[in-house]
Amino acid sequence: MPCGVNNTSIDLHAIPNLPGFTPQTIKDKHHRSQAWGFVSGQRMEFKEGLSHDKPKFVKAPRAKPSWRQGTLPMSTTREVFSVMQPEELAEMPAWDAYDRHVLRFYGYFKEAVVETNLENYRIRRCIVYYYLEDDTMHITEPRQDNSGIPQGTLIRRHRFPAESGGYLTPRHLQVGQAVRIYGKVIQLTDCDQFTREYSKSIGMDQPSPEEIPRDLFDEARGESMVARPAAMERTYEKLFREVSLGGGHINENQQQFMENDRKVCRFFCVMDDMATTQYERRPFTLLFFLADNTVEIREQYPLNCGRDNFPIFFRRGKLPKTGGAEVRGPADAVGTSDEYFNVNDFFVGQRLQLVGHDFFVYDCDQFTRAFFREHLGQELIDKIDVRLPDQQPDRPPTPPYTGFGTWDDSMGSVLSLVPKVPKKDFHKMMTQDGKILRFTAKFVDAKPEDAQRRFVINYHLFDDTVSVHEPPQRNLGVVTGKFLEKGVHLNQMSGKLFEPRDLLPGNIVQVFNHVFEVLDMDEYTAKYMNDVKPPYPSVDLPSIVEKIRESLRQQFPLVRDIFRKFDRDHSGVITFEEMDEILKKFGFQLSREEVMALFRHFDSAHDGQVSYNEFCDTLLDEDYSTRMLNRKPMIETTQDQGFASRAVQRTLQRGETERVRRATRSVGEVLYQKTGLVAKLRSELHRMTAGRGNQVVTSEELRYAFLQTGHAFELEDIERAILFVMPEVDLNAIPYITLFEGFEASYHDLAAIR
């Protein structure tokens, strides 16, 4: 009869220590324990609760798995052995879960005042911070101007002992209750939003905030700090009372200064300088300071004007109307206000004589226009264009060609003092190589023995050279052959080098005193002159793709390097112009339509640009295929005008994107690297907007401010950079403070080298 076996697990640790029955103990740690040490210089026992506290653990939501799968399917190993973690709370150390989590309470405490009988106590506001990571606290007091009390950190950060024993916890802090800390009773009146949310999460709602009472010192100080007007209003009654008492208005200039301080009217004017050998129109800025009726004239130096930089043309002071500055001594009578220029003596479109020179005022800033409109009741006219037309200097006539050397060598001595080696047009040499235009000609007014002679004029398109030879004729009696050596020759009839249009049938040309009449031209020349296009496509485009593939693989083993070779501006895509340029450099002489067909073959998405994936799909073979003898799609040779327009539009967009990036990088580099420039620009723009009451400027004013600080930018580049940083901003109302902050923040977004 079978007997059953009972499999029971026995714990050997419960057996007494008998010989032969002692189980083998497995240790996790084999170090020698140390129970004594030094804490703050004192020898004591290391024990939890005595020398250190038990680490605080809290429950926090479990973090999501950091495994990133992406768009690829999950692998078999990951799918089978992945541990499914339920969404539950996990125990974490407080220093990790509550890192930078701080509770903030607002309150006050009363401090007794025994030195005076005007007040018994003084209310002192404070802020209580509680750090959840280690249950420490610290108390600060906001600083007040002219308080006479040392303020700032009242109690440094540590664990505060509770009155009932132990330490203070978040449950001891509640709005509306008092907390005793080291003998100080702090009444809590409010807390921030994070503190309210945390208290609600632990089941303790914070009451509504309370008002902090005011003491006698705050009330007296508030009455003394009430803002009063800087100057009394100037009325006729005030003037009458002062004159009746014999005093007069002795603070007239001071009142004008208090009312108009930092208010400046700015006029733009020019001076026609006739004293120089060459007529010159010099720009100036006339500043009229309304605070004291003084005038300053500054000269604006254009780029490459050739003048030394001394911008102060007339130093700030009273400007007399007599036309010249007078030197007056202490014994001379003080001049009246009528002898000096006032603000109403200037307006746009006026000619003035200032300090012995004639000036013409052609414009002013917006503050000046607003000041004249509101205070003087005058509307100034619009800006007057005073720009002179660009004068091209008279170029001396080119000396005649001597015949020695080539034409380019002779012109090198004319164009520069040190002749340079003439540059050759390699693109033209490759595209026009082997193309020769042939024309038949004869002598004009020839002698009887030369009447039957015929000549062939050859025009070589790749280097614009001309040669003449005479074909053999039976019984001519003249040795035929080469008549004129190949070279760059001058057409003496027009005084210029030979061009294909000069050799049309019926024209008269003269070279080396020989006059020819062009009679006819061959069929190829006739087609070329009539702009007959070659058949499309004129080459085998699939074979060109294979040649490109093999030649690029030999030079660059990696497809990444090949793509970078095509992508000249490192924008991540290839445009039509970039592909055309690369094909020309590799020696492929293709027309624009043929290059467009190749470009469309690479652009599988037909969006006008070739991405890296499209480039790899066209240039490389597939890793594996589902059918045998799989071939790539054929090149479409039919012309698509819609795709051509999209390709051209993408090229223009990439060019504009590069210009925007370059402009933003240039402006941002100036503002970021030169630390003091932003303050100068703000000061300059603040003077422009002093009369408007806002801090907005136009793009032209911003460009003028950059120019004033010595940085010249084009207006288009300024506008491109502004729209990049603030896309929805109005170019006529730009908040320049926000703009400068945006430039500094976006400086590292645009790399200098891509």
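For clarity, every value in this text was computed on a predicted model and none was experimentally measured.

Conventions we followed
Residues numbered from 1 in each chain as written. Predicted model: local features only at pLDDT ≥ 70, side-chain atom pairs only at ≥ 80, totals over all residues. Heavy atoms only, no water. Helix = DSSP H or I, 4+ residues; strand = E, 2+ residues; numbered from the N terminus. Buried < 20%, exposed > 50% of the residue type's maximum accessible area, 1.4 Å probe, protein only. Contact = heavy atoms within 4.5 Å. Areas by Shrake-Rupley, 256 points an atom, 1.4 Å probe, with all protein chains shown as cover. Axes fitted to C-alpha atoms, helices over the stretch in contact; angles between N-to-C directions. Parallel < 35°, antiparallel > 145°, perpendicular 65-115°, else oblique. Nonpolar A, V, L, I, M, F, W, Y, C, P; charged D, E, K, R; others polar. Left-handed = near helix turned anticlockwise from the far one by under 90°. Core = buried A, V, L, I, M, F, W, Y, C linked by side-chain atoms within 4.5 Å. Phe/Tyr/Trp six-rings, centres within 6.5 Å; stacked < 30°, edge-to-face > 60°. Lys NZ or Arg CZ within 6 Å of the ring centre and 35° of its normal. Pairing = 2+ DSSP bridges. Disulfide = S-S within 2.5 Å. Polar contact = N/O pair within 3.5 Å; in protein donor to acceptor, adjacent residues only side chain to side chain. Patch = residues over 30% accessible without salt bridge, like charges linked within 9 Å, V, L, I, M, F, W, Y side chains within 5 Å. Salt bridge = Lys/Arg side-chain N within 4 Å of Asp/Glu carboxyl O. Arc of directions from axis to C-beta. pLDDT = per-residue confidence, 0-100.

Moving on, we get to the overall build of the protein. Along the protein, the regular secondary structure elements total 20 helices and 26 strands. Each of the 754 residues in the protein was classed as buried or not, and the buried ones make up 32%. For the protein, contacts bridging at least 24 residues in sequence account for 50% of all contacts bridging at least 6. Of the roughly 51,800 Å² of accessible surface on the protein, a fraction of 52% belongs to carbon and sulfur atoms.

A pair of packed helices is captured by two measures, namely the crossing angle of their axes and the spacing between those axes. Between helix 19 (residues 715-725) and helix 20 (residues 736-745), the shortest axis-to-axis distance is 10 Å and the interhelical angle comes to 80°. The pairing of helix 19 with helix 20 is recorded here as roughly perpendicular in orientation. Residues Ala721, Ile722 and Val725 of helix 19 pack against Leu739, Gly742 and Phe743 of helix 20. Classifying every residue of the contact of helix 19 with helix 20 gives five nonpolar, one polar and no charged.

It is worth spelling out the packing of helix 13 (residues 576-585) against helix 14 (residues 592-602) at this point. Where helix 13 meets helix 14, the closest approach of the two axes is 10 Å, and the angle between their N-to-C directions is 115°. Crossing handedness for the pair helix 13 and helix 14: right-handed. Between helix 13, through Phe576, Glu577, Met579, Asp580 and Leu583, and helix 14, the contact on the second element is made entirely by Arg592, Val595, Met596, Leu598, Phe599 and Phe602. Of the residues that constitute the contact of helix 13 with helix 14, the class distribution is eight nonpolar, no polar and three charged.

Before going further, it helps to spend a moment on the nonpolar core. Ile139, Ile181 and Ile186 are the most contacted members of the largest nonpolar core, which totals 26 residues. If you list the elements that add at least two residues to this core, you get strand 3 (57-61), helix 2 (94-97), strand 5 (102-112), strand 6 (121-131), strand 7 (136-141), strand 9 (178-181) and strand 10 (184-191). Excluding anything up to four places from it in sequence, Ile139 contacts Cys126, Ile127, Val128, Gly152, Thr153, Leu154, Ile155, Phe160, Ile181 and Ile186. Grouped together as the second largest cluster of nonpolar side chains are 25 residues, Phe267, Phe288, Ile297 and Phe314 included.

On to the packing of aromatic side chains, then. Counting across every chain of the model gives 20 aromatic pairs. Considering the side-chain rings of Phe443 and Phe483, the 6.2 Å spacing of their centres and the 65° angle between planes classify their relative orientation as edge-to-face. With Phe443 in strand 17 (residues 436-443) and Phe483 in strand 20 (residues 481-487), the pair connects residues that are 40 residues apart, well separated along the chain. Residue classification places Phe483 among the partly exposed residues on the basis of a relative accessible area of 30%. In textbook terms, an aromatic cluster arises when at least three aromatic residues are bridged by ring pairs, as seen for Phe267, Phe288, Phe341, Phe346, Phe367, Phe371 and Phe372. Positioned over the ring face of Tyr121 is Lys110, at 4.7 Å from the centre of the ring.

Turning our eyes to something else, we now look at the sheet that holds strand 17. What the six strands build is an open sheet, ordered 20-19-18-17-24-23; its pairing is antiparallel. The outermost strands of the open sheet, each flanked by one partner alone, are strand 20 and strand 23 (508-511). The sheet shows a mean angle of 30° between the axes of neighbouring strands, direction not considered. Two strands pair when backbone bridges link them, and strand 18 (residues 455-460) and strand 19 (residues 465-470) are joined in this way by five bridges, in the antiparallel orientation. When the bridges of strand 19 are listed, Ile457 appears paired with Val468.

When you tally the buried positions in strand 13 (residues 294-299), you get five out of six residues, the bulk of the element. Taken together, strand 12 (residues 280-289) and the strand that follows it, strand 13, pair antiparallel across an intervening segment of four residues, in which Asn293 is found at a positive phi of about 60°. In terms of strand pairing, strand 13 meets strand 14 (residues 312-317) through three bridges, oriented antiparallel. In the strand pairing of strand 14, Val295 is matched with Gly317.

Read across the sheet, six strands follow the order 14-13-12-11-16-15 without closing on themselves; strand pairing throughout is antiparallel. Looking at the sheet topology across the chains shown, the edges are occupied by strand 14 and strand 15 (351-354). Each strand of the sheet is rotated relative to its neighbour by a mean of 35°, with strand direction disregarded. Strand direction decides the pairing type here: strand 11 (residues 264-273) and strand 12, joined by 10 bridges, are antiparallel. Its bridge partner being in strand 12, Phe267 is matched across the sheet by Leu286.

Applying the stated criterion to the full structure yields zero disulfides. Sulfur of Cys364: no disulfide; nearest cysteine sulfur belongs to Cys265 and is 8.3 Å away.

Mapped onto the secondary structure, Arg453 falls in the loop between strand 17 and strand 18. On the basis of relative accessible area, Arg453 is assigned to the buried category, the value being 11%. Separated by 2.8 Å, the side chains of Arg453 and Glu470 make a polar contact. Apart from the residues within four sequence positions on either side, Arg453 is in contact with Lys442, Phe443, Glu470, Gln473, Leu476, Val478 and Phe483.

A surface patch of nonpolar side chains, about 310 Å² in accessible area, is lined by Met274, Tyr279 and Leu388. Inspection of the secondary structure assignment puts Tyr279 in the loop between strand 11 and strand 12. Classification of Tyr279 as partly exposed rests on a relative accessible area of 38%.

Quick look at helix 3 (residues 193-201) now. Among all positions in helix 3, only Thr195, Arg196, Tyr198 and Ser199 are buried. Take helix 3 and look down its axis: the buried residues cluster within an arc of 165°, on one side only. Exposed side of helix 3, more than 90 degrees from the buried face: Gln193, Lys200 and Ser201 are the residues found there. Tucked inside the fold, the buried residues of helix 3 contact strand 5 and strand 10. Following helix 3 by one or two positions, Gly203 adopts a phi angle in the positive range, close to 85°.

For the structure on display, the rule yields 34 salt bridges. Between Arg122 and Glu119 there is a salt bridge, with the nearest N and O atoms lying 2.6 Å from each other. Here the two residues Arg122 and Glu119 agree in accessibility, since each one is buried. Where Arg369 meets Asp363, a salt bridge forms, and the shortest distance between an N and an O atom there is 2.9 Å. Taken together, the shared-partner salt bridges in this structure form one network comprising Asp273, Glu280, Arg282, Glu299 and Arg307.

Take the confidence of the model for the protein next. Across the protein, the average pLDDT comes to 80, with 81% of residues at or above 70. Across residues 80-85 the pLDDT falls below 50, and counting only partners more than four positions away or on other chains, this stretch makes three contacts in the model.

Our focus in this paragraph is unusual backbone geometry. The backbone of Asp445 sits at a positive phi, close to 55°, despite the residue not being glycine. Looking at the element boundaries, Asp445 is found in the loop between strand 17 and strand 18. The backbone of Asp464 sits at a positive phi, close to 55°, despite the residue not being glycine. Within the fold, Asp464 resides in the loop between strand 18 and strand 19.

Note on placement: Val386 falls in the loop between helix 7 (366-376) and helix 8 (407-415). The class for Val386 is buried, based on a relative accessible area of 15%. Expressed as a C-alpha distance, the spacing of Val386 and Val270, which sit 116 residues apart in the sequence, is 8.1 Å. Apart from residues lying up to four places away in sequence, Val386 is in contact with Val270, Arg281, Phe360 and Tyr362.

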